[in-house]
Amino acid sequence: MNIKPIITLCLIALMTSACGVKETATMPLIKGETFADDEGNHINAHGGMIMEKDGTYYWYGENRPDSTPGNRQLGVACYTSTDLRNWKNRGIVLPTNETEGDLLEKGCIVERPKVVFCPATGKYVMWFHHELKGLGYGAAHAAVATADNPLGPFELIRSARVNQGVAPMNIDPDNLELDWPDLDWWTPDWRNAVEMGMMTGRDLEDGQMSRDMTIFVDDDGKAYHVYSSEENLTLHIAELDSTYTNHTGRYVRLFPGGHNEAPAMFKHDGTYWMITSGCTGWAPNEARLMRADSIFGPWEQLPNPCRGEKSELTYLGQSTYVMNLDGNYTFMADIWNPKNLADSRHLWLPVRFDENGTPFIESPYDTNKQ
């Protein structure tokens, strides 16, 4: 037997190990089981995302309280990993506090945190949906915080509605000046008014509502804030400036009256894709898929990207992020447990592309296809 090839392979393996070269990390399949950190606790990071920096992966998400009466959100949690499978709890990187009247006073709501590194400033920038204490979901603010380190602490810069006094680029500005009558919701006249911009005009002076959201950084380094607006009826895509902390005033409305939330945007082969959910509270519903050749559209809606068992309920999950790892995409979602939000489970499934280049996701319950 010729042992030279075997010796060669062994030498390559030894040299690789000696040089500290690691195998490329891959996203694991997570199908709603308990996903424990290094301390054996289920990872409490929901509605979030994963950012890679210098070989370390940072998983940010909502730290949700358990079912104990009186428990409040602690803020945004962070976990770190080098292989996407073993995660270390790094604590709360944006904490709520006990200061009465503070924007982050305990009792406020912090949702959908997204963190990106800004090359122009060297800062780590976090955006999230923020509701003020005691106002339920009435504030509909977008909040932004920055840090010098991905582990924080992040300092709040601003919490407010967005694009104050600025009209969308794809709307007839004359419609914003109309004196709309008091219309009953979901009637044909009301739907027509929403499409024309009734609620955009209503909120023009004080700024547009921003609830479920994500941040998308394009190939050219420009960043965009994508959020549910107009009482969750209409999506907006808004450009951010070079610091990633301010809006430029360039934004568009998508699918007015479509009732979309939980946006997760990604780009593949020059096409922009977005997966969203409907608005049914904590209950799961059917995912929606949108595509565009330009970030500002026009956008078109396609059929549900999920296939197989329980696809009509997005496998009991709700989208939060699509992770792009060296051209391989993973759909990240939350399986919400409203009776104990801390125990809400994670769903990570591969995104594949069909013969037409359209993304799809296969059911985790059909094990022979995973």
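Residues numbered from 1 in each chain as written. Predicted model: local features only at pLDDT ≥ 70, side-chain atom pairs only at ≥ 80, totals over all residues. Heavy atoms only, no water.

Some words on the sheet that holds strand E6 (residues 109-118)
Two modes of strand pairing occur in sheets, parallel and antiparallel, and in both the strands are linked by backbone hydrogen bonds. Sheet architecture is open: 4 strands sit in the order E6-E7-E8-E9, paired in antiparallel fashion. Sheet topology places E6 and strand E9 (155-160) at the edges, where each strand pairs with a single neighbour. Adjacent strand axes in the sheet meet at a mean angle of 20°, parallel and antiparallel pairs treated alike. With 5 bridges connecting them, strand E8 (residues 141-147) and E9 associate as antiparallel partners. Bridging from a neighbouring strand, Ala142 pairs with Ala160 of E9. (Pairing = 2+ DSSP bridges. Helix = DSSP H or I, 4+ residues; strand = E, 2+ residues; numbered from the N terminus. Axes fitted to C-alpha atoms, helices over the stretch in contact; angles between N-to-C directions.)

Thoughts on the confidence of the model for the chain
Predicted coordinates in areas of low pLDDT are best not read in detail. Per-residue pLDDT for the chain averages 92, and the proportion of residues at 70 or more is 93%. Across residues 3-22 the pLDDT falls below 50, and counting only partners more than four positions away or on other chains, this stretch makes 3 contacts in the model. (pLDDT = per-residue confidence, 0-100. Contact = heavy atoms within 4.5 Å.)

Quick notes on the pattern of salt bridges
By the definition in use, this model includes 22 salt bridges. For the salt bridge of Asp212 with Arg112, the shortest nitrogen-to-oxygen distance reads 3.7 Å. Residue Asp212 is found in the loop between helix H3 (198-202) and strand E10 (213-217), and its partner Arg112 is found in strand E6; the two are separated by 100 residues along the sequence. Classification of Asp212 by relative accessible area gives buried; the value is 8%. Classification of Arg112 by relative accessible area gives buried; the value is 3%. (Salt bridge = Lys/Arg side-chain N within 4 Å of Asp/Glu carboxyl O. Buried < 20%, exposed > 50% of the residue type's maximum accessible area, 1.4 Å probe, protein only.)

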